[in-house]
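Examining the three-dimensional arrangement
Chain by chain, the residues run as shown.
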Amino acid sequence: MTLFGALGFSAPWLLLGLLGLPILWLILRAVPPAPIRRLFPGVVLLLGLKDEEQVSDRTPWWLLLLRMLAVAAVILGLAGPVLNPQNEEQAAGSAPLLVLMDASWASAADWRARQEAVEALLIRAGRDDRPVALVRLSDPEPPQFQAADVLRSRLPGVLPEPWEPQAEQITRLLSVLPDSAFDTYWLSDGLVRNTRDGLLETLEQRGRVTVFESPRSLYAIEPAQFTDGNVALTLHRLRPGPETEISVVAQGLDPAGNPATLARVPVTFDADAVTAEAELSLPAELRARVDRFEVEGQRSAGAVTLPDDSLRRREVALIAGNENREGLELLSPLHYLTRALEPNADLLDGALLDILPANPDVIILADVATLSTAEEQATLDWVDKGGMLLRFAGPRLAASDISRDAEDPLMPVRLRAGGRTVGGAMSWGEPKSLAPFAAESPFFGLNIPADVTVTAQVMAQPDPNLAGRVIAQLDDGTPLVTRKRIGQGQVVLFHVTANAEWSGLPLSGLFVQMLERLAVSSTPAQPEAADLEGTVWQPEVVLDAFGTPRDADNLPGVDGSALAGDPLGPDLRPGLYQGTDRSLARNVIAPDADLTATTWPARIEVRGLSRPQETPLAGWLLALAIAALLADVVASLALSGRLRGARATTALIAFFLLPLPQQGQAQSAGDDAFALAATSEVTLAHVLTGDSQLDDMAQAGLSGLSETLFFRTSVEPSEPMGVNLETDELAFFPLLYWPITPSQPTPSDEAYAKLNTYLRSGGMILFDTRDGDVASFGAASPNGRKLQELAAPLDIPPLERVPQDHVLTRTFYLLQDFPGRYAARDVWVEAAPPDAELIEGMPFRNLNDNVTPVVIGGNDWAAAWAMDDRGNPLVPVGRGFTGERQREIAYRFGVNLVMYVLTGNYKSDQVHVPALLDRLGQ
Amino acid sequence: MIPALALRQKSEEEAARLPALLARAEKLAGTVLLGEHGRRRAGLGDDFWQYRPLQQGDSLRSIDWRRSARSDGQFVREHEWQIAQSVILWLDQGASMRFSSEKDLQTKADRARLLTLAASILLVRGGERVGLTGWTLPPRRGTEQILRLAEAFTTDSPEDYAAPEARGMLPHARAMFVSDFLADLGPVEAALTKAADRGVRGVLLQVLDPSEEAFPFQGRTIFESMGKSMAHETLKAGDLRARYLDRLAERKARLDHLCRVTGWQYQCHHTNTSAQSALLWVYRAMDGGHG
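Residues numbered from 1 in each chain as written. Chains lettered and ligands numbered in written order. Predicted model: local features only at pLDDT ≥ 70, side-chain atom pairs only at ≥ 80, totals over all residues.

The name an unreviewed UniProt entry assigns to chain B is DUF58 domain-containing protein, from the organism Puniceibacterium antarcticum.

Naming follows an unreviewed UniProt entry, where chain A appears as LytTR family transcriptional regulator of Puniceibacterium antarcticum.

Looking at the interface of chain A and chain B
Listed by partner, the interface residues are 25 residues for chain A and 30 residues for chain B. When contributions to the side of chain A that touches chain B are tallied by element, the ones reaching two or more residues are strand S3 (36-39) and helix H2 (43-46) of chain A. Residues that form the side of chain A that touches chain B fall into these classes: 14 nonpolar, five polar and six charged. Relative to strand S7 (residues 221-224) of chain B, S3 of chain A is paired through four bridges, and the arrangement is parallel. Bridged to Leu-39 of chain A within S7 of chain B is Glu-224 of chain B. (Contact = placed C-beta atoms within 7 Å. Helix = DSSP H or I, 4+ residues; strand = E, 2+ residues; numbered from the N terminus. Nonpolar A, V, L, I, M, F, W, Y, C, P; charged D, E, K, R; others polar. Pairing = 2+ DSSP bridges.)

Things to note about the confidence of the model for chain B
All names here are of chain B. When pLDDT is averaged across chain B, the result is 81; 83% of the residues are at 70 or more. Here helix H1 (residues 2-30) stands out as the least confident element of chain B, with mean pLDDT 64; strand S9 (residues 265-270) is the most confident, with 91. For this predicted complex, the interface score ipTM comes out at 0.75, alongside a pTM of 0.43. (pLDDT = per-residue confidence, 0-100.)

A look at the UniProt feature "transmembrane region" (unreviewed entry) in chain A
Residues and elements named next belong to chain A. Per the UniProt record, "transmembrane region" (unreviewed entry) is annotated on residues 6-28 and 61-83. With 39% helix and 13% strand, residues 6-28 has its two end C-alpha atoms placed 34 Å apart. Taken as a whole, residues 61-83 contains 78% helix and 13% strand, while its terminal C-alpha atoms sit 31 Å from one another. (UniProt positions renumbered as here; feature names shortened; annotations may be inferred.)

Structural notes on the pairing of strand S37 (residues 735-739) of chain A
All names here are of chain A. Of all five residues in S37, five are buried; the element is thus mostly enclosed. Of the two faces of S37, both are covered, the one formed by Leu-735, Tyr-737 and Pro-739 as well as the one formed by Leu-736 and Trp-738. Sheet topology places strand S35 (residues 683-687) next to S37; two bridges connect them, and they run parallel. Counted as the bridge partner of Ala-685 is Leu-736 from S37. The sheet contact formed by S37 and strand S38 (residues 764-768) spans five bridges and is parallel. Across the sheet, the residue bridging to Tyr-737 is Leu-766, located in S38. In this region the chain leaves S37, passes through helix H22 (residues 749-760) and returns to the parallel neighbour S38; the handedness of that crossover is right-handed. (Buried ≥ 20, exposed ≤ 12 C-beta atoms within 10 Å, placed from the backbone. Right-handed = clockwise from strand over helix to strand, strands pointing away.)

Thoughts on the packing of helix H1 (residues 20-30) of chain A against helix H3 (residues 61-78) of chain A
Two measures define how a pair of helices packs: the angle their axes make with one another and the distance between the axes. Residue and element names in this part refer to chain A. Relative to each other, H1 and H3 sit at 145°, their axes nearing to 10 Å. Seen from above, H1 lies across H3 with right-handed handedness. Where H1 abuts H3, its residues Leu-21, Leu-24, Trp-25, Leu-28 and Arg-29 lie against Leu-64, Arg-67, Met-68, Val-71 and Ala-72. Of the residues belonging to the contact of H1 with H3, the class tally is eight nonpolar, no polar and two charged. (Axes fitted to C-alpha atoms, helices over the stretch in contact; angles between N-to-C directions. Left-handed = near helix turned anticlockwise from the far one by under 90°.)

Concerning the nonpolar core
As a rule of thumb, soluble globular proteins bury nonpolar side chains together. Grouped together as the largest cluster of nonpolar side chains are 70 residues, with contacts concentrated most on Leu-115, Ala-118, Ala-119, Met-176, Leu-205, Leu-279 and Val-282 of chain B. Here the element with the most residues in this core is helix H3 (residues 108-125) of chain B; it accounts for 11 residues. Val-282 of chain B has contacts with Leu-115, Ala-119, Met-176, Val-203 and Leu-205 of chain B, leaving out every residue within four places of it along the chain. Counting 58 residues, the second-largest nonpolar core is a separate cluster that includes Met-697, Leu-702, Leu-730 and Tyr-737 of chain A. (Core = buried A, V, L, I, M, F, W, Y, C linked by C-beta atoms within 7 Å.)

A short note on the sheet that holds strand S5 (residues 97-101) of chain A
Residues and elements named next belong to chain A. Taken in spatial order, the five strands line up as S6-S5-S7-S8-S33 in an open sheet, and their pairing is parallel. Edge positions in the open sheet fall to strand S6 (132-136) and strand S33 (605-607), since each of these has one partner strand only. Within the sheet, the average angular offset between the axes of one strand and its neighbour, ignoring direction, is 20°. By the bridge criterion, five bridges tie S5 to S6 in an arrangement that is parallel. Considered in S6, the bridge of Leu-97 is made with Val-132.

Let's talk about the sheet that holds S3 of chain A
If you trace the three strands from one edge of the open sheet to the other, you get S3(A)-S7(B)-S8(B), paired in mixed fashion. The open sheet has two edge strands with one neighbour each: S3 of chain A together with strand S8 (231-234) of chain B. In this sheet, adjacent strand axes meet at a mean angle of 20° when their direction is disregarded.

Some details on the environment of Asp-64 of chain B
Residues and elements named next belong to chain B. With respect to the helices and strands, Asp-64 occurs in the loop between strand S1 (48-53) and helix H2 (65-69). Judged by C-beta crowding, with 16 C-beta atoms within 10 Å, Asp-64 ranks as partly exposed. When the C-alpha positions of Asp-64 and Leu-54 are compared, they lie 9.5 Å apart, and in sequence the two are 10 residues distant. Excluding its chain neighbours within four sequence positions, the residues that come into contact with Asp-64 are Tyr-51, Phe-75, Val-76 and Arg-77.

Looking at helix H5 (residues 186-197) of chain B
Residue and element names in this part refer to chain B. Its 12 residues place the ends of H5 16 Å apart at the C-alpha level, agreeing with the 16 Å of an ideal helix rising 1.5 Å per residue. At its buried positions, H5 is contacted by strand S5 (174-179), strand S6 (201-208) and helix H7 (237-262). One or two residues past the end of H5 sits Gly-199, with phi positive at roughly 75°. (Expected span 1.5 Å × (residues − 1).)

Quick word on the environment of Met-388 of chain A
Residues and elements named next belong to chain A. Summarising the element assignment, Met-388 is placed in strand S20 (residues 388-392). For the pair formed by Met-388 and Gln-488, sequence separation is 100 residues and the distance between their alpha carbons is 9.1 Å. Leave out the neighbours within four places in its chain, and Met-388 touches Asp-361, Val-362, Gly-489 and Gln-490.

Comments concerning unusual backbone geometry
Residues and elements named next belong to chain A. Despite not being glycine, Ala-103 has its phi angle at roughly 50°, a positive value. Mapped onto the fold, Ala-103 is located in the loop between S5 and helix H5 (105-108). Residues other than glycine seldom take positive phi values, yet Arg-770 does so here, at roughly 55°. The residue Arg-770 is located in the loop between S38 and helix H23 (782-791) in this model. In this structure Arg-770 comes out as buried when scored by C-beta crowding, with 24 C-beta atoms within 10 Å.

Okay, structure coming up:
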C-alpha cells in the first residue's frame with residue numbers, strides 16, 4: 001500500500017497508465033468523429049460545395065476532457081485507492097501490550113468511544129497475536145497479559161470510576177507492573193495530573209508509549225453556591241473554543257414525588273473562555289427540592305453537582321413575648337437572633353397560628369411563657385412531625401408558672417420558681433462561665449470563649465431524667481441548655497435570654513455556632529476538616545462516573561475529617577453524606593476547581609480516539625468513469641447530429657424528469673378529498689385491520705348505526721369510513737371503532753403518537769375484542785392479549801366497569817346493558833374520579849368530568865348493528881324475539897355512545913335529574 | 001418452394017398496393033366536386049346549346065321540327081361542343097423520389113403517385129382522355145384507363161434521377177409533370193420547350209421532402225443519392241445549409257421562370273403538407289387552362 005497523505009493505493013503501479021493520457025489526447029484529437037452515411041436526394045445540390053473550415057471537425061476539447069476524465073477515473077479506480085488506510089506497520093511489534101485507561105470521571109463523557117478505540121486496538125493486537133493486559137488507572141489491578149479475544153469479551157464490563165487516579169493508585173500500579181518489556185497504549189482522560197510523569201517514565205522504560213486522547217471538550221460544573229438570593233453556577237470546560245451555549249438543568253422531585261426537571265438555565269461560554277457563570281433564581285420551595293444540577297447532555301460525574309444543605313435555607317419563625325418596638329433595638333429579645341440567623345436562614349414573622357401552616361423548620365419563642373390551648377396543640381403537632389422548637393428564657397418565663405409543678409409538654413424540663421441571679425450587686429459569687437461540652441452534646445468540640453458569662457438564668461427542677469436532657473451547663477453544673485425530643489422533633493430551651501440581658505452568650509461567636517449545631521441555621525460554607533473531627537457520615541447517594549446517582553446503602557460510613565479533606569477515591573465516593581442533623585455533599589468538582597488539559601512530551605505519540613474509516617474509492621471512481629462515458633455517448637450523438645429533432649428532446653426531457661417524484665401533489669389532493677369527505681358531515685370511522693372480512697363487517701355495522709342515528713336522532717351521519725392509522729388524519733372523527741383480531745399489525749410509533757393526540761384531544765375509541773361469548777375482558781383470549789398489546793403504548797387512564805350512574809346509561813336512551821351480538825356485562829370506561837360522591841337524594845354522582853377516551857368491551861357490536869343496503873340485518877343475534885330485543889338494545893347502545901361522544905357530559909348535569917327521575921318512574 | 005412463396009408474397013404485396021393507391025386516389029379525387037365543363041360553343045355534344053335559323057348547307061335531318069313548327073322559319077337545334085381534352089402525364093419514377101426523411105412521412109414517390117392518380121381520376125371523370133407521355137400508354141378515357149395508369153405508376157425506375165419523357169406529346173394537349181426536379185434541368189427545359197412548340201401547356205408539380213427544404217443536418221456526414229450513384233462528404237453539414245438552400249431556391253426560381261416562359265404553371269409541394277391542397281391546385285391549374 002502506497003500512501004499519498006490520507007489516500008493509499010493498493011496497486012500504485014497502475015497509476016503509470018496516467019502517463020498515457022496525453023498520448024490518448026493527441027490521438028483522440030487527431031481523429032475526427034466518424035461520419036454518418038445519410039441518404040439524401042438533395043445531394044445533387046451539394047455537389048461541388050466545399051467545407052469552409054477544415055479544422056472544426058476535430059472532437060471539441062470538452063468532449064475530449066470528458067473522455068480523458070473517464071479514462072483517468074478508470075485508471076485511478078483500478079489502482080485501488082483507499083481513503084484513510086489503516087497503517088498496519090505501526091502496530092507491528094510482538095511485545096505484549098498494556099492498555100492503560102485513566103478511567104476517571106472525565107473519561108466517562110465519551111466512554112463509548114474509548115471502548116470502541118480499545119476494541120479496535122484489541123482486534124489489531126489479536127491479529128498480531130500479541131498478549132494484552134487492560135488496567136484501569138483509577139482502580140489498578142496487577143496486569144495480566146492474555147489473549148486479546150478474551151479481553152475483548154470482558155470489555156463491556158470495564159467501566160470508569162468517579163474519581164481521578166491519585167498518587168496512591170499510581171504507586172500501587174507501579175508496584176505491580178511486570179519488569180518485562182511491553183508497549184503501552186494509554187487512553188488518557190485529558191486532564192492534567194502531576195502524578196503522570198513518574199508513571200510515564202516507568203512505562204517508557206518498558207517499551208513504546210502511545211497516548212490516545214479525545215479532542216472533545218469536557219464540561220464540568222462547580223458546586224452551586226447561594227449568593228444574593230440566587231443560585232450561582234460556575235461551569236468549566238477543558239479546552240477554549242468558540243462561543244458555546246449549553247444548558248444546566250436542576251433535577252429534583254416534583255410535588256407529586258416524580259423525578260422532574262425543575263429548572264433549566266442556559267450557560268454561554270464566550271469564545272476562548274474556559275469558564276462560564278450563570279445565576280438561577282428559584283423560589284425557596286423549588287430550591288429546596290433540587291437534588292442535583294447537571295450539565296445537559298454530558299454524561300460524567302463532573303457534569304453533575306449535588307447541593308447539600310448549603311442550598312437549603314431553613315425557615316425560622318421568630319416570636320417574641322413582648323415586641324416592644326418603642327424600646328431600644330439592642331434590648332429587643334430577637335435582635336441578636338435576627339443578626340445571627342439572617343445570613344443563612346429565611347426568617348418568618350407573624351403570629352404563631354399563622355406561621356404553623358407554613359411549616360417552618362424552626363420556631364423560636366423568645367421569652368414566651370404561655371401559649372393558648374389551640375396554639376399549644378398545633379405547636380405540639382408540628383414538633384411531633386419533626387419541627388424544632390427553640391425557646392429562650394426571660395423575665396416573663398421566669399415569672400410564669402409554666403412547667404412548674406408538672407412538666408409542660410413544650411418545655412424540656414420543669415423550672416424552679418424565680419430563677420437565680422449570680423454575680424450581681426446583690427448576690428455572692430462571680431458570674432458563672434460555661435463548662436466544656438460533654439461528648440454526647442451536639443455542641444461537643446466547640447471552643448468556649450472565656451468572656452462568656454451568665455449572670456441570670458432560670459433553674460431546672462432536679463429530676464430523674466434531667467441529666468439526659470442537659471446539653472450545655474455552667475461550670476457549677478446548673479443546666480444552661482436543655483433538650484427534649486418529642487416524636488420526630490425536639491424542644492430546646494436556653495435557660496438565658498436571647499439578648500445580652502442575662503448573659504454574654506448572644507454577644508459571642510459561640511452563640512452562632514451553637515445555633516448552627518442545632519441546625520437552626522445552615523452553614524454557609526464547606527466545613528473544615530477540624531470542624532468535622534470525630535463525626536461519622538453515612539453516604540446516602542453516591543454518583544458513578546457517568547453522574548448517575550446510586551444507592552449507597554451498602555457503603556460504610558465516612559469519617560468527618562476524611563469527608564472534608566481527603567481526595568475522592570474508592571473509600572470516599574462523590575455523593576451526598578448524611579450526618580446527624582445535616583447533610584454534606586462531596587462533588588467531583590470542588591469549588592474554584594480548574595480544568596487543565598494535558599501536555600504530553602513531544603516524544604510521545606498522541607492520537608485521537610477514533611480514526612477515520614478506511615474507505616475504498618475504487619467503486620466510486622469506476623462509477624464516475626461510467627457516468628462520464630454515458631455523458632460522452634449523449635454528447636457524441638448530439639455532436640454528430642444523430643441526436644436531433646423531437647426524439648432527442650423527448651429523450652432528454654424523459655431522462656431529466658424520470659427521477660422526479662410525482663406523488664406529492666396527488667398525495668395532498670387525496671388528503672384534501674379525504675378531509676372533505678370526513679368533515680362535511682359527522683362521520684363514524686373504523687380502524688382498518690387488514691382483515692377484509694372484519695373490515696367489511698365494521699363498515700356494515702357502522703353504516704347500520706349511522707342509519708339508525710339518522711332515523712332516530714338529529715345526528716345525521718354520512719357513510720362511515722375505514723381509517724388507515726398510518727396515513728389518515730384521525731382528528732376528523734368523533735368515534736373510532738376498532739375491532740380486534742390477533743393477526744392485525746401493530747401500528748407504528750407515529751401512528752401511536754397520532755392516536756394519543758387523538759385521545760387527548762377528545763376523540764374516543766371503541767375497542768371491541770368480539771369475544772364476549774367466550775371470554776370476559778382481560779388477557780384470557782387471544783383477542784384480549786392483542787388488545788393489551790395494541791393499547792399498551794396508548795395514553796389510557798385507569799378504567800372501571802361502566803358504573804350504574806355513568807352518563808353513557810342515559811345520553812339518549814336509558815340503558816343498563818350494552819349488548820352487541822353478545823351480551824357480556826364487561827364494558828369498561830375511564831374510572832370516575834375518586835372524589836366523586838353521591839349526594840343525598842340524588843340518584844347519580846356528580847360526574848362532570850371528561851368524556852372517556854376509550855370504551856372497551858367484547859360484544860361484537862358491529863355485527864349486531866350491521867345491516868345491508870335495504871336495512872336487513874346481516875348477522876343473526878340471539879334467538880327469536882329476545883334476539884331482536886338484544887339487537888334493539890345494541891342499537892340503543894350505539895345511539896347512546898354517539899350521543900355521548902358528541903354531547904359529552906351534558907346529560908350528567910343535575911338539571912336533567914327531575915326529568916330522568918320522572919322517566920325512571922321514581 | 002421458397003421462390004414460389006416469395007413470389008406469392010411479393011405479388012400479394014403488389015396487388016395490395018394497387019387498390020390502396022387507387023382507393024386513396026379515389027378518395028382524394030372525391031373531395032373535388034366536379035362540374036361538366038362544356039366548350040361553350042356549338043358542336044358535337046349531348047347538351048342543348050342554341051337554336052339557329054337554317055342555313056345553306058344544313059341537311060334537312062338537322063332541322064328541329066318542334067321548334068320550327070312554332071314559327072314560320074326553320075330552326076336547327078345545335079348542341080354544345082363537348083370535346084374531350086387529352087391530358088398527358090409524366091410521373092418521375094426515379095430512385096430519388098423514393099425518399100422520406102422520417103418514418104411516418106410518405107415518400108415523395110408515394111405522394112406524387114397519389115396526386116397524379118387522383119388528378120387522373122378527376123380528369124377521367126371530367127371526360128378527358130388521360131395518358132402518359134411517350135408511347136407506352138396513349139391518352140384514353142374511361143375507368144379502365146385509370147387502372148392502367150395506376151399500374152403504370154407503380155413501376156419503379158432504377159435510375160437515380162429520371163429525365164422527363166417528352167416524346168409522343170399530342171399537339172394542344174395538356175400535360176402534367178410531377179417530379180422533385182432535382183435532376184439536371186436540361187431535359188426538363190428541352191421537354192417544356194418542345195411542349196411549348198406543339199402548343200402543349202400544363203403544370204409542373206415539384207414534390208419535395210421537408211428535409212430537402214430545411215436541410216437540418218449537422219456534423220460529419222456523407223450524403224448519398226438514393227441509388228448511391230453519387231456521394232458528397234462534408235465535415236460540417238451545418239455549414240452547408242445556407243449554400244444548399246440558395247441552390248434550391250435558385251432551382252425553384254429557374255423552374256418557375258421556365259414555366260412562365262412556356263406558359264406552364266409551377267407549384268412546389270411538400271410531403272408533410274396536405275395532399276388535398278396540392279390536388280386542388282392541380283385541378284384549378286388544369287381547369288383554368290380551359291376556355
